[in-house]
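# Remarks on the overall topology
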Amino acid sequence: MTSTVDLLAYIPSPPQGVWYVGPVALRAYALFIILGIIVAIVWGDRRWVARGGEKGTVLDIAIWAVPFGLIGGRLYHVLTDWPAYFGENGQPLDALKVWQGGLGIWGAVFLGGIGAWIGCRRRGIPVSALGDAIAPGILLAQAIGRIGNYFNQELYGRETAVPWGLKIFERVNSSGQLDQLAGVSNGEVIRVVHPTFLYEAVWNVLIVILLVLVDRRFKIGHGRLFALYVAGYCLGRFVVELMRDDFAYEIAGIRVNTFTSGIVFFAALAYFFLAKKGREDPADLKSKDYVAAVAAGEAGVAAPVTEIDSAKADAKGADAEDSESDAAESASSEASASTATSDESSDAVKLSKKDKP
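Right, let's walk through the structure included here. Since this is a predicted model, take the numbers as computed values, not measurements.

Next up on the list: the nonpolar core. Counting residues in hydrophobic clusters, the biggest one holds 21 residues, and the most contacted among them are W106, L139, L211, L228, Y229 and Y233. Secondary-structure elements contributing two or more residues to this core are α5 (105–123), α6 (127–152), α7 (196–218), α8 (224–242) and α9 (256–274). No other element matches α8, which puts eight residues into this core. In this structure W106 touches Y76, Y233, C234, R237, N257, T260, S261 and V264, once residues within four positions along its chain are discounted. The next biggest cluster of nonpolar side chains, apart from the first, holds 14 residues, and it includes I41, I61, L130 and A133.

Right, let's talk about α6 for a bit. Of all bends in α6, the biggest is about 50 degrees, found at I134, and the proline P136 comes one to four residues later. Trailing α6 by a residue or two, Q153 shows a phi angle of about 55 degrees, which is positive.

A few words now on the packing of helix α2 (residues 28–50) against helix α3 (residues 57–80). When two helices pack together, their arrangement is given by the angle between their axes and by how far apart the axes lie. It is at 8 Å that the axes of α2 and α3 come closest, and there the two elements cross at 140 degrees. It follows from the interaxial angle that α2 and α3 lie oblique. Here α2 and α3 pass one another in a crossing that is right-handed. Residues I37, I41, G44, D45 and W48 of α2 lie in contact with α3, whose contacting residues are T57, V58, L59, A62 and V66. Partitioning the contact of α2 with α3 into residue classes produces seven nonpolar, two polar and one charged.

Bringing the environment of Y229 into the picture now. Here Y229 lies in helix α8. Note on Y229: relative accessible area 2%, which makes it buried. Within polar-contact distance, the side chain of Y229 engages the side chain of Q142 at 2.6 Å.

What follows deals with the sheet that holds strand β1 (residues 11–12). Strand order in the open sheet formed by three strands is β1-β4-β5, with mixed pairing between adjacent strands. Strands with a single pairing partner mark the edges of an open sheet, and in this sheet they are β1 and β5 (184–193).

All right, on to the pattern of salt bridges then. Following the criterion strictly, the structure yields twelve salt bridges and no others. Where R123 meets D60, a salt bridge forms, and the shortest distance between an N and an O atom there is 2.9 Å. Here the residue R123 occupies a position in helix α5, and D60 occupies one in helix α3, the gap between them amounting to 63 residues. Judged by its relative accessible area of 32%, D60 is partly exposed. Between R244 and E241 there is a salt bridge, and its shortest N-O distance comes to 3.1 Å. With relative accessibility at 1%, the residue E241 sits in the buried group. Members of the salt-bridge network, linked through shared partners, are R146, E200, R237, E241, R244 and R255.

Cut-offs and rules
Residues numbered from 1 in each chain as written. Predicted model: local features only at pLDDT ≥ 70, side-chain atom pairs only at ≥ 80, totals over all residues. Heavy atoms only, no water. Core = buried A, V, L, I, M, F, W, Y, C linked by side-chain atoms within 4.5 Å. Buried < 20%, exposed > 50% of the residue type's maximum accessible area, 1.4 Å probe, protein only. Helix = DSSP H or I, 4+ residues; strand = E, 2+ residues; numbered from the N terminus. Contact = heavy atoms within 4.5 Å. Bend = angle between axes of the 7 residues up to and from the residue. Axes fitted to C-alpha atoms, helices over the stretch in contact; angles between N-to-C directions. Parallel < 35°, antiparallel > 145°, perpendicular 65-115°, else oblique. Left-handed = near helix turned anticlockwise from the far one by under 90°. Nonpolar A, V, L, I, M, F, W, Y, C, P; charged D, E, K, R; others polar. Polar contact = N/O pair within 3.5 Å; in protein donor to acceptor, adjacent residues only side chain to side chain. Pairing = 2+ DSSP bridges. Salt bridge = Lys/Arg side-chain N within 4 Å of Asp/Glu carboxyl O.

Structure representation (structure tokens):
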């Protein structure tokens, strides 16, 4: 048994992960998932515009990708932990309770990718280019989502005595019954474990930085940055899975997530090296509606204006204003000179008349 003095050095878990405002339950897990999605959309859209795409595109695609991703993430979790829901003493209806945690990232990326493909096809833009733009934001969103796991006291590793070990508290509801998810801590420490959710979050942030640096240095495209994100995440997840001892479905004594991490890692790495090098032409990132509007603009219909076009227009406008100003100054100077010449002529005539006998 770990002494109280030893426990003072460890990382404490939050006392609760759910707060009630009247009948409404505010769940930390859901809030951090939503925050991560917002960050991914906002940052992804900025990166898309910087590559030559239209502002607002990522939000439009997210309308398809996010619901598909949530469904895919939940399906993967339920299928890989099916005994907890459909096994002996399982609760099948709990499979629908997403707010209790449990989203498999591979299922989320797979079905989310299908949703993104549908959205991109409707707009007429390449899904691989969009994947490169949003890859760092997606991984940062995953890191933010891991904070929700911290509040849920889940996704932790084996027991440990390292100074950064995580204390898992016993939580009870208002009736004093054990409720680890929605209850409040009673101060009793159940275990001290490896905070594997924290390891994964830190790893994700490091890979985000790597993706941004690689993208700036080598200008890669055609889905290769997205593949690098997938490979980088899987490498970290593979190590994290080896540190966990919570219940999970296994194949030949190996956690299914470990298998998945390895297989997807090599598949992503193969795509990275085999895919087309370079980056897409900015013109290829314009939606079919934009292209149609530009074509119509040649016939006298105004075309949509992007941020890049707007900046160019501002620059041209400034040049035009300078030209107009110079022309005005020139005209004014000519007018002044003409007036002066006229005055001199008038004075000469007056002198001529005065000197005449």
